[in-house]
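Single-letter residue listing:
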Amino acid sequence: MGGKSVEDCVIEVNNLADKAGLSREICAYQYRKYRWISTALSLSILLFSASIAFLSIVDPDILVSLSLPFHDHQDTRNVIAFLGFLIFVISFSDKILNLTAAMNKNEQGMKVFTDFIRDCHTFRDVGSKDCDETSAGLKLESIKEQYSYLNQVMSSNMLFSKTFLKVKKSYKMKTRVSKMLDEEPNISINKYYRMRIWEWLF
């Protein structure tokens, strides 16, 4: 194992856990994005469906009183047909864009990276105390292989450079706040928010 000490192995495992934390943050960002799009599309379907129901039963005189650009029967039928077409398109957009599959994949990615980070922390806090250099090196290699596999599975999570930097900055801030809470559990929440504003501005 290249003569690495247990301490060296722990350092490398901590680095892998940190990288996995960033990957988990990316999965969380992607999950929120796809969930927002999916929710917006679902609400659009509900809105258009309600509009079709309203236009189907409303009295034309009411449409005139509402100053809508359409009020005769032909215009109303055209609008209903158009809204129905939009509902049809939106209903198939999930399959076209694979929104549900992408959302579920990122949600699963959050879980597997969380489990991986937990394993790393277990080794750091417990396992490393009871092993020699050889067993620590073997555990390190096992964790490296696991991390490599997870990266291959989630390799499709590509972000624009600006978005990636934003997510990375957010993750670093959370990591820093977590360390602050470990060192000072009673830290003022105002200090946290000041730090958050500073990070986002600079």
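What comes next concerns the included structure. (Residues numbered from 1 in each chain as written. Predicted model: local features only at pLDDT ≥ 70, side-chain atom pairs only at ≥ 80, totals over all residues. Heavy atoms only, no water.)

## Here we look at the overall build of the chain
Basically, it comes down to this: Numbering goes from the N terminus for both helices and strands, where a helix is a DSSP run of H or I of at least four residues and a strand is a run of E of at least two. Working definition: with a 1.4 Å probe on protein chains only, accessible area under 20% of the residue-type maximum means buried, over 50% means exposed, and in between means partly exposed.
Looking only at helices and strands, the chain features seven helices and zero strands. Helices and strands in the chain line up, N terminus first, as α-α-α-α-α-α-α. For the chain, the residues scored as buried account for 29% of the 202 residues in total.

## Description of the nonpolar core
For soluble globular proteins, the rule of thumb is that nonpolar side chains tend to be buried together. The condition is simple: Buried Ala, Val, Leu, Ile, Met, Phe, Trp, Tyr and Cys residues that are joined via side-chain atoms within 4.5 Å together make up what is termed a nonpolar core. Any two residues whose heavy atoms approach within 4.5 Å at even a single point are treated as in contact.
Counting residues in each nonpolar core, the largest one holds 19 residues, and the members touching the most others are V13, L16, A20, F113, F116, C120 and I143. Of all the secondary-structure elements, those providing two or more residues to this core are α1 (6-57), α4 (99-125) and α5 (133-153). With residues near it in sequence (within four places) discarded, C120 still touches V13, A17 and I143. Residues F48, I52, L83 and I90 belong to the second largest nonpolar core, which totals six residues.

## Digging into a nonpolar patch on the surface
Our working definition: Note that patches include only residues with greater than 30% relative accessible area and no salt bridge, and the join distances are 9 Å for like charges and 5 Å for nonpolar side chains (Val, Leu, Ile, Met, Phe, Trp, Tyr). Per-residue and other accessible areas follow the Shrake-Rupley method at a 1.4 Å probe size, with only the shown protein chains counted as cover for residues. Salt bridges, as used here, are contacts in which a Lys or Arg side-chain nitrogen is within 4 Å of a carboxyl oxygen on Asp or Glu.
A contiguous nonpolar patch, built from F82, F85, F88, V89, F92, I96 and L97 and spanning about 750 Å² of accessible area, is present on the exposed surface. Positionally, F88 belongs in helix α3 (residues 73-97).

## With respect to α3
The condition that has to hold: Take the number of residues in a helix, subtract one, and multiply by 1.5 Å to get its expected span. Fitting one axis to the seven residues ending at a residue and another to the seven starting there, the bend at that residue is the angle between the two axes.
Relative to the 36 Å expected for 25 residues at 1.5 Å per residue, α3 spans 36 Å between its end C-alpha atoms, a close match to the ideal helical length. Remark: the principal bend of α3, roughly 25°, maps to S91. Those residues of α3 that sit buried are T76, L83, I87, I90 and S93. N98 occupies a position one or two residues after α3 and carries a positive phi of about 55°.

## A few points about the packing of aromatic side chains
Aromatic ring pairs are described here by two measures, namely the spacing of the ring centres and the angle between the planes. Put simply, the rule reads: Here is the rule: rings of Phe, Tyr and Trp (six-membered ring for Trp) pair when centre to centre is within 6.5 Å. Planes less than 30 degrees apart are stacked, more than 60 are edge-to-face, and the remainder are tilted.
Tallying each qualifying case throughout the model produces two aromatic pairs. On the numbers, 4.9 Å between centres and 55° between planes, the contact of F88 with F92 is tilted. With F88 and F92 both in helix α3, this residue pair falls four residues apart, about one helical turn. Here the aromatic rings of F116 and Y147 are separated by 5.8 Å at their centres, their planes lie at 35°, and the arrangement is tilted.

Geometry only, nothing functional implied.
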